[in-house]
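Analysis of the macromolecular model
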Amino acid sequence: MAKLTLADIADLRAYEREREEFRARIIEMKQRRRVHVGPILTFVFENRDTVRFQVQEMARVEKIISDAGIEAELRAYNPLIPEPGHLSSTMFVELVSEAELREWLPKLVGIERHVELQVGAAGERVSCTVDPDHEKRLTRDEITSSVHYVGFALSPPQVTAFAEGPVALVVTHPSYGHRLELTDATRAELLSDLTGN
């Protein structure tokens, strides 16, 4: 997928005119791209549209109107747009209370390195990759962040196995082991990222 450029980001007035329809489309799309693995982890698989929505919403909320400000947002979020053969996901540790944060975030240090896909009938494992810049900012030795960015690089045979299914998203962290098989709708949605269509 092509990365976003300044020309892809509407100015605030133009965005307000399209926002309601665009937002509804992204919400519907994210329903197929959102995967809950166990009780507190949610993965949202990103694509060009979800990233554009994120940039547009950041610009709207923060009133970013300068080209330099938009370019900074693009530099931050463009890495989340996957290339063919890749998937990109934002992983959220969804905790709602201070007590849960204090309990779970220290336990889950390193969780971003314990995520894999199991693809095809043989369940071939595809370990996630972690953006090193994001990892430096998001994880410390004693506590982890509630947001991480993880990706998956699949070989052509693995993409074929992904298309044929089944596909499971698996977390193998010692303090949090959970597995979820993707629905056909989610698998079809993510296959478009892998094939670049």
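Since the model is a prediction, treat every value here as computed from it, not as a measurement. Each residue is numbered by its place in its chain's sequence as written, counting from 1. Thresholds applied to this predicted model are a pLDDT of at least 70 for local features of residues and 80 or more for the giving and counting of side-chain atom pairs; totals over whole chains, interfaces and linings are not thresholded and use all residues. Values reported for side chains reflect all heavy atoms of the structure, with hydrogen atoms and water molecules removed beforehand.

So, the sheet that holds strand β1 (residues 34–37)
Only strands joined by at least two bridges in the DSSP assignment are considered to pair. In this text, helices come from DSSP runs of H or I with a minimum length of four residues, and strands from runs of E with a minimum of two, each type numbered from the N-terminal end. With antiparallel pairing, five strands are arranged side by side in an open sheet as β1-β2-β3-β7-β6. Unpaired on one side and paired on the other, β1 and β6 (129–130) mark the two borders of the sheet. Any two residues whose heavy atoms approach within 4.5 Å are treated as being in contact. A fitted line through C-alpha atoms serves as each axis, taken over the contacting stretch for helices, and the angle formed by two N-to-C directions is quoted from 0 to 180°. Its contacts with the sheet place helix α1 (residues 12–33) against β1 and β2 (41–45), and it is angled at close to 40 degrees to β1.

Notes on the sheet that holds strand β8 (residues 167–173)
Pairing is antiparallel in the open sheet, where four strands are placed in the order β5-β4-β8-β9. The sheet terminates laterally at β5 (124–127) and β9 (176–181), the two strands that pair on one side only. Looking at each pair of strands side by side, their axes are set apart by 20 degrees on average, direction ignored. The sheet strands contacting helix α6 (residues 156–164) are β4 (115–119), β5 and β8, and the helix crosses β4 at an angle near 70 degrees.

As for the nonpolar core
Core analysis: the largest hydrophobic core is formed by 33 residues, its most contacted members being Phe43, Leu117, Phe152, Leu154, Phe162 and Leu169. Other than its neighbours up to four places away in sequence, Leu117 contacts Leu87, Glu124, Arg125, Val126, Phe152, Leu154, Phe162, Val167, Ala168 and Leu169. The definition of a nonpolar core used throughout is a set of buried Ala, Val, Leu, Ile, Met, Phe, Trp, Tyr and Cys residues joined through side-chain atoms within 4.5 Å. Exposure categories follow from relative accessible area, calculated using a 1.4 Å probe and restricted to protein chains: below 20% of the type maximum is buried, above 50% is exposed, and the middle band is partly exposed. Counting residues in each nonpolar core, the second largest holds twelve residues, with Leu4, Ile9, Ile64 and Ile70 among its members.

Some points on unusual backbone geometry
The linkage connecting Gly165 with the following residue, Pro166, adopts the cis geometry, with an omega of -10 degrees. Mapped onto the fold, Pro166 is located in the loop between α6 and β8. With phi around 55 degrees, Lys63 is a residue other than glycine that occupies positive phi space. The exposed category is assigned to Lys63, whose relative accessible area is 60%.

Re the pattern of salt bridges
Take a side-chain nitrogen of Lys or Arg and a carboxyl oxygen of Asp or Glu: if they are within 4 Å of each other, that pair is a salt bridge. Enumeration over the complete set of coordinates arrives at 14 salt bridges. One salt bridge in this structure joins Glu28 and Arg32, with 3.8 Å as the shortest N-O distance. Residue Glu28 and its partner Arg32 are located together in helix α1, separated by four residues, close to a single helical turn. Looking at Glu28, the relative accessible area reads 48%, which means it is partly exposed. Note that Arg187 and Asp184 form a salt bridge whose closest N and O atoms lie 3.2 Å from each other. Placement of the pair is Arg187 and Asp184 together in helix α7 (residues 184–195), with a separation of three residues, close to one helical turn. Taking the relative accessible area as the measure of exposure, Asp184 reaches 56% and is therefore exposed.

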